[in-house]
Every structure is written in C-alpha cells, then in structure tokens.
Amino acid sequence: MYKQHLDYLKDQDSKVFELLEKEKERQMEGIELIASENVVSQGVLEAMGSVATNKYSEGYPHKRYYGGNDVIDEIEDLAIDRAKQLFNAEHVNVQPLSGSPANMAVYFAMLELKDTALGMKLTEGGHLTHGHKVNFSGKLYNFEQYGVDKETERLDYDAIAEQAAKVKPKLILSGYTAYPREIDFKRFRKICDEVNAFCMADVAHIAGLIAGGVHENPVPYFDAVTTTTHKSLRGPRGAMIMCKEEFAEKIDKAVFPGLQGGPHDHINAAKAVAFGEALEPSFKDYAQQIVKNAQALAKTLSDNGLRVVSGGTDNHLILADVTSIGLRGKEAETTLDKVGIYCNKNTVPFDTGSPWDPSGIRLGTPVLTTRGMKEKESEQIGMFISEALKNSKDDAKLEEIKKQTLELCKQFRFYE
Ligand code: DSN
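Residues numbered from 1 in each chain as written. Predicted model: local features only at pLDDT ≥ 70, side-chain atom pairs only at ≥ 80, totals over all residues. Heavy atoms only, no water.

Asks: How should I be thinking about the overall build of the protein in this particular structure?
Replies: In terms of regular secondary structure, the protein is built from 16 helices and 15 strands. For 416 residues, the compact-globule estimate of 2.2 N^0.38 gives 22 Å, and the protein sits close to it at 21 Å. Once the C-alpha set of the protein is aligned to its principal axes, its extents read approximately 60 × 60 × 35 Å. Going through the 416 residues of the protein one by one, you find that 58% of them count as buried. When contacts within the protein are restricted to residue pairs at least 6 apart in sequence, those whose partners lie at least 24 apart make up 73%. Here the protein has roughly 17700 Å² of accessible surface; of this, 50% comes from carbon and sulfur atoms. (Helix = DSSP H or I, 4+ residues; strand = E, 2+ residues; numbered from the N terminus. Rg over C-alpha atoms; globule rule 2.2 N^0.38 Å. Buried < 20%, exposed > 50% of the residue type's maximum accessible area, 1.4 Å probe, protein only. Contact = heavy atoms within 4.5 Å. Areas by Shrake-Rupley, 256 points an atom, 1.4 Å probe, with all protein chains shown as cover.)

Asks: Sorry, what's going on with the packing of aromatic side chains here?
Replies: To describe a pair of aromatic rings, one takes the distance between the centres and the angle between the planes. Tallied over the entire structure, the rule returns 16 aromatic pairs. Ring-pair connections join several aromatic residues into one group, and the members of that group are Y146, Y157, Y176, Y179 and F188. A cation sits over an aromatic face here: R26 above Y342, 4.7 Å from the ring centre. The residue whose ring lies beneath K150 is F350, and the NZ or CZ to ring-centre distance is 5.1 Å. (Phe/Tyr/Trp six-rings, centres within 6.5 Å; stacked < 30°, edge-to-face > 60°. Lys NZ or Arg CZ within 6 Å of the ring centre and 35° of its normal.)

Asks: Just checking my understanding: could you explain the site of the ligand for this structure?
Replies: Around the ligand lies a shell formed by S36, H127, T177, H205, K231 and R362. H205 has a polar side-chain atom sitting 2.7 Å from an oxygen atom of the ligand. In the model, an oxygen atom of the ligand is placed 2.7 Å from a nitrogen or oxygen of the R362 side chain. Relative to its free-state accessible area of 230 Å², the ligand is covered by the protein chains to the extent of 64%. Classifying every residue of the shell around the ligand gives no nonpolar, 4 polar and 2 charged. (Near = heavy atom within 4 Å. Polar contact = N/O pair within 3.5 Å; in protein donor to acceptor, adjacent residues only side chain to side chain. Nonpolar A, V, L, I, M, F, W, Y, C, P; charged D, E, K, R; others polar.)

Asks: What exactly am I supposed to notice about a nonpolar patch on the surface here?
Replies: Together, Y56, Y65 and Y66 make up a nonpolar patch on the protein surface, roughly 400 Å² of accessible area in all. Within the secondary structure layout, Y65 lies in the loop between strand 3 (63-64) and helix 4 (70-87). (Patch = residues over 30% accessible without salt bridge, like charges linked within 9 Å, V, L, I, M, F, W, Y side chains within 5 Å. Salt bridge = Lys/Arg side-chain N within 4 Å of Asp/Glu carboxyl O.)

Asks: Quick question: what am I supposed to make of the nonpolar core here?
Replies: A general tendency of soluble globular proteins is for nonpolar side chains to be buried together. Ranked by size, the top nonpolar core spans 49 residues in total, and within it F87, L155, I172, I183, F188, L233 and M240 carry the most contacts. Here F188 is in contact with Y146, L155, Y157, I160, I172, S174, Y176, I183, C199 and F222, once residues within four sequence places are set aside. (Core = buried A, V, L, I, M, F, W, Y, C linked by side-chain atoms within 4.5 Å.)

Asks: Any chance you could explain the environment of E32 here in plain terms?
Replies: Secondary-structure assignment places E32 in strand 1 (residues 31-32). Sequence spacing of E32 and G326 is 294 residues, and the spatial spacing of their C-alpha atoms is 24 Å. Not counting chain neighbours up to four residues away, the residues in contact with E32 comprise R26, E37, Y342, G364, V367 and L368. At 3.0 Å, the side chain of E32 forms a polar contact with the side chain of R26.

Asks: What am I meant to see in the sheet that holds strand 7 (residues 171-174) here?
Replies: Note: strands within a sheet are paired through backbone hydrogen bonds, in either parallel or antiparallel orientation. Judged by pairing direction, the sheet is mixed, and its 7 strands sit side by side in the order 4-10-9-8-7-5-6 without closing on themselves. Two strands close off the open sheet at either side, each with one partner strand: strand 4 (91-93) and strand 6 (142-146). Here the average twist between neighbouring strands, direction ignored, is 20 degrees. Of the pairings in the sheet, the one linking strand 7 to strand 8 (residues 198-202) comprises 4 bridges and is parallel in character. Counterpart to S174 in the pairing with strand 8 is A201. Packed onto the sheet, helix 10 (residues 245-255) meets strand 4, strand 8, strand 9 (224-228) and strand 10 (239-243) and runs at close to 150 degrees relative to strand 10. (Pairing = 2+ DSSP bridges. Axes fitted to C-alpha atoms, helices over the stretch in contact; angles between N-to-C directions.)

So yeah, pure geometry; function would need other evidence.
See the structure below:
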C-alpha cells in the first residue's frame, strides 16, 4: 500500500488537501485505461516531493552556473548512469521537462529551420510534435507524413521507404502514441541509411516495454531516442534523450541553454528511482503482464463485437473503432466515464472524423497492471466496457456496471 503524505497540508491548506484526497479516491475507485498514464511507486512519489525541488542547477553535472550543486550532481549522474544501463545508451540527457521539449531539442540540434523530416500522421498514431501543422514541429520544419496501410492498419515499411526516397528527409521519426503493433526499428534504421537521414525514435509509450525486454530496443543503433519517463516506464512526469556520443554535445546544448533553464532536480531524483526500479528483474514481469492484459482485453472486446484496429495488439494499448457498434468516440468516452472507466476518444486509421470527434477510443493497460490485475480482471473490464457501450442510453444499466467496477477496484486499492 502506498501513501500520499499530506499530513502537514491537511492543516495548512485544507482546500488543496481535500482536492488531492478526492483525486486519490477517484484513481482508486475507477479503472484508468489512459494508455499514457501509470501509478508511480512510493519511492518515486517521495523523491518528487523531496527537498531537491528547492535547488537551481543550470548547466550539467560538474559544470553548473550556480554553486552548491555537489549533491545535485550526484543525483543527476545516478539518473544518467541508470538510464544508460537500462537502455544500453552511449549518452543520456535526463533534463527534458517533458516529451515535447525532448523532441524539440533533437530537431533543434539536428535540423535547420524548414528542413524536411518524415514522421507519422497524428490521426494514424503519431504525436503532435511529429510534424502536425498546428504544432511547432509542423510550423518550423517541412514535415512529410506517413501513415499505416489501409487493409492491415499496420506500418507498410516498403511504402515508407518509397516515400523517404522521394522526399529525401534529413530526419526520419518512428515511435507513436496510438499504434498497437510492434515496430520494426531495424527496418527504420535501414530506411534511414538508404536516404542518409538522421534516425530518431520517440518511444514514450513503449519505453517500459523496451526496458522490460518485451519490445526491441532501438537505442544502441539509433542516432537519438526520446522518451517520456511517466508512461509505461512508471517514473515521474518528465522525459530524457538517449543518443550516440557523436551527437551528445549538440543535443545537450539544444536542451540547455537552447531550450530550457534549470532542470527539475526533484524530478531527476525520481527518474533515478524509477530507472533503479526498472532495472529490477520484477520489472520484466510487469512489462510482460502489461501486454498479456492488453491482449486479453482486446480479445474480449473483439469477441463482443467491437472492431479492434489491426485485429489486436502487441503492446500496452488497444484502439477500438466504436462506430462498429454505432457510437462515436466522444460518446464512448463519456459513457465509460459514467461507469468509472477512463479512456480517451481517439482517431482510428483513415478516420473521417476529427481528433475532437473521432471514431474510436484508445485503451491502455499500464495502470491496471501496476495495480496487480491480470488477464482475468482484464477480461472482466472488457465485459464492463462492452456492456456499457452497448447500453449507453440505459442509465440504470450503467449504474449497475459502475457498482461492479467499484467492487473490482475495491480489491485493488493501492493507497492507504
Ligand atoms: N498525451 C500523450 C498521450 O496520451 O499519448 C502524448 O503526449
């Protein structure tokens, strides 16, 4: 059982205390299926609430612009060393404050403004920072976009190679936020070599699966790999960049002073804790169980008439096309909210709707796996979802499902 330590806050600011306690209960009394979320360990939570938050330390270990950083240097060195060991990386920068600045720093370091790059479309699984026109990436660079194959809903590596040969990108980006299949990183390396492009991946979603040995690790042979630290990797909110030694100086300079000021030292302490946890043998079991749970959930949904994009999943997430049962993504999200199951509406490949009114929902299993749920519970949750979506107008039925959700959650409480 973890504990949210708010003993002092309770008297000092009862308003904030009550809100944080309420959010704690919401997390425990519902099934969180947001694919990018997790529940951090007590150690990670404590490090984030530590005195390291008080310090300023612009610069890098042993080369700071402020005094008094001997201990902070040791903390950052420890986070870097553990990350190197975990991902077999030549160089690691743990200072990026989140995923977007991590990607931005790599682009700043490796591209000139208006250079051509190639990334996945947002609507087919990419991220805003992978070249969407409303994002800095699409505004500052000439991002060409690839998608998935219409039939298989999987990456078509020959088509990507052909597109790369045509547009001659200076950088090719793989790694996604809503792609349920394993990525052939070796093939991406080959495509990059064929067109002499910088080979980059954003593995934010699957970092925990890579660390746990369940998915291929591109870090040793890619030029740069970014990841957030709080998704399947189960660390604090934040990010890091892993790269080949030859790009280290450029990338470090792009992070600081190019983009950011002082690093968040309390978060770097928590990153060190999380990387230490991910190095434990038990993290391998966790990563394997995430995938087993996602596959059990996908099968239950599919057996109950929901169309699962690409026919299943190899990772922690499922994209379900809810138009297959006559709903829109937004309605599905709201219906599931009513029964205490949280997910996000999401586009599916070749969606005719917008990201605000898409055809699908995205469901992920990192949180329920951290809670100790296994295939049996994943199937049970799949049944709750199917029943709720098929009865989205029946409030009495939704109320009944909510009670069942709560009963299940009570068996898997994780905070005192
Ligand atoms: N917001 C994250 C996600 O949910 O995938 C990506 O930044």
